[in-house]
Amino acid sequence: MHRANIFVVGRDGCGKTSTWCSILSKEMGYKPESSIKIDDNLCLGIGTSDFRNGNINGISAIDGKGIGCFDIDKQCNNVSLVEAIRKAIPNEGITAFVIVMKYGSRYTKLEKDTVERIQHVFGEEVFRKWGVLVFTHGDDFERDCQDKRWSFDDWYALQIGDIASLFDDFGHRYVLFNNKAQDKQSMVKQLMDKVDELRVGPYKVDMLQDGPYTRGILGVDQCKLNLPQRWRFKVTCRYVCLGAVMILVLVCFCIKKNNPPRKWYHYLKFW
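Reference entry: report on the structure contained in this document.

**Brief notes about the overall build of the protein**
Now for step 1: Of the regular secondary structure elements, the protein holds 11 helices and 7 strands.
Now for step 2: Looking at the protein residue by residue over its 271 residues, the buried ones come to 42%.
Now for step 3: For the protein, the proportion of contacts with a sequence separation of at least 24, taken over those separated by at least 6, is 72%.
Now for step 4: As displayed, the protein offers around 15,500 Å² of accessible surface, 52% of which is attributable to carbon and sulfur atoms.

**So, the side chain of Glu 111**
Now for step 1: Looking at where Glu 111 falls in the secondary structure, it is placed in helix α3 (residues 109-122).
Now for step 2: Judged by relative accessible area, which is 11%, Glu 111 ranks as buried.

**Notes on the packing of aromatic side chains**
Now for step 1: Applying the stated criterion to the full structure yields 17 aromatic pairs.
Now for step 2: Between Phe 135 and Trp 155 the ring centres are 5.6 Å apart and the planes differ by 80°, which places this aromatic pair in the edge-to-face class. A residue pair is termed long-range when its members are at least 10 positions apart, and Phe 135 in strand β6 (residues 131-136) and Trp 155 in helix α6 (residues 152-157) qualify at 20 residues. There is no split in this pair, since Phe 135 and Trp 155 are both buried.
Now for step 3: On the numbers, 5.9 Å between centres and 80° between planes, the contact of Phe 135 with Phe 167 is edge-to-face. In this pair, Phe 135 sits in strand β6 while Phe 167 sits in helix α7 (residues 162-169), placing the two residues 32 residues apart along the sequence.

**Focus: a nonpolar patch on the surface**
Now for step 1: A grouping of Tyr 239, Leu 242 and Met 246 is seen on the molecular surface, where their side chains present a nonpolar patch of about 380 Å² in accessible area.
Now for step 2: Relative to the helices and strands, Met 246 is located in helix α10 (residues 229-258).

**Describing the environment of Cys 43**
Now for step 1: Mapped onto the elements of the fold, Cys 43 is located in strand β3 (residues 42-53).
Now for step 2: A residue is classified by how much of its surface remains accessible, and Cys 43, at 28% relative accessible area, is partly exposed.

**With respect to the nonpolar core**
Now for step 1: Phe 7, Ile 85, Phe 97, Phe 122 and Phe 135 are the most contacted members of the largest nonpolar core, which totals 39 residues.
Now for step 2: Other than its neighbours up to four places away in sequence, Phe 7 contacts Ile 62, Gly 64, Ile 67, Ile 85, Ile 89, Ile 94, Ala 96, Phe 97, Val 98 and Phe 122.

**Some remarks on the pairing of strand β1 (residues 2-10)**
Now for step 1: Counting buried positions over the 9 residues of β1 gives 7, a clear majority of the element.
Now for step 2: Sheet topology places β1 next to strand β4 (residues 56-63); 6 bridges connect them, and they run parallel. Bridge pairing in β4 links Ala 4 to Ile 59.
Now for step 3: Here β1 runs beside strand β5 (residues 96-102); their pairing, made up of 5 bridges, is parallel. Bridge assignment links Val 8 to a residue of β5, and that residue is Val 98.

**Brief notes about the side chain of Ser 49**
Now for step 1: Topologically, Ser 49 is positioned in strand β3.
Now for step 2: Polar contacts involving the side chain of Ser 49 include one to the main-chain amide nitrogen of Phe 51, which spans 3.4 Å.

**A word on helix α1 (residues 16-23)**
Now for step 1: Turning to α1, its buried residues are Lys 16, Thr 19, Trp 20, Ser 22 and Ile 23. End-on view of α1: buried residues confined to an arc of 160°, all on one side of the axis.

Reading guide: rules and limits
- Residues numbered from 1 in each chain as written.
- Predicted model: local features only at pLDDT ≥ 70, side-chain atom pairs only at ≥ 80, totals over all residues.
- Heavy atoms only, no water.
- Helix = DSSP H or I, 4+ residues; strand = E, 2+ residues; numbered from the N terminus.
- Buried < 20%, exposed > 50% of the residue type's maximum accessible area, 1.4 Å probe, protein only.
- Contact = heavy atoms within 4.5 Å.
- Areas by Shrake-Rupley, 256 points an atom, 1.4 Å probe, with all protein chains shown as cover.
- Phe/Tyr/Trp six-rings, centres within 6.5 Å; stacked < 30°, edge-to-face > 60°.
- Patch = residues over 30% accessible without salt bridge, like charges linked within 9 Å, V, L, I, M, F, W, Y side chains within 5 Å.
- Salt bridge = Lys/Arg side-chain N within 4 Å of Asp/Glu carboxyl O.
- Core = buried A, V, L, I, M, F, W, Y, C linked by side-chain atoms within 4.5 Å.
- Pairing = 2+ DSSP bridges.
- Polar contact = N/O pair within 3.5 Å; in protein donor to acceptor, adjacent residues only side chain to side chain.
- Arc of directions from axis to C-beta.

So this is what it looks like as structure tokens:
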């Protein structure tokens, strides 16, 4: 048995934080753990619960605020976000990424941009290998489909176009959540069953470099992100080598200017 480390992400306003609270509800032994500050108005929340199901012995969940709505064009303003993500990922890694979407909302450019941004941070394979879709506002689904007597699986199977392609990316791992329901344990059990289906190893912090946006941040702001010592050593060596080459070129130029050789092979004397 193992602890499930869950990273909850999605667009602001879709019920992401409510889903995080449902996963860590008091009836399953919720314990507030810590928070990691991104800026003065935003932080990543972290909590645990004693929920047990199958191979899962306890849950640790991260509320990924701000990840689905960051501005890719404002790289400097998002360094603190990437640094916070690095701190939030535990040493044993992330078991699953729960991507939250709102039932009843159209899959518009705004939702597509959110999906793309999440992939930019965590890598193109994040949905296929570690992703589980959670649709919120399950109470709206019950109201919409009570006359038709549809199950959520029926509704899901009827979806076409871009949203159907997204479902394929997730390997059709999905759960419907009603965060207003009193009994949340059955929903969390369904979610953990989907998490337990994942047969890949955990997502480790060094895999952040697979995300094109995060890779750019890591390349530009290594010192700010407090990268491992070996990376800082490599960067230092490159600058030292570059400085040595520039000094060597300058020495050659001075020698040539003060004592210009008559033949090309005179350069060999210097070397």
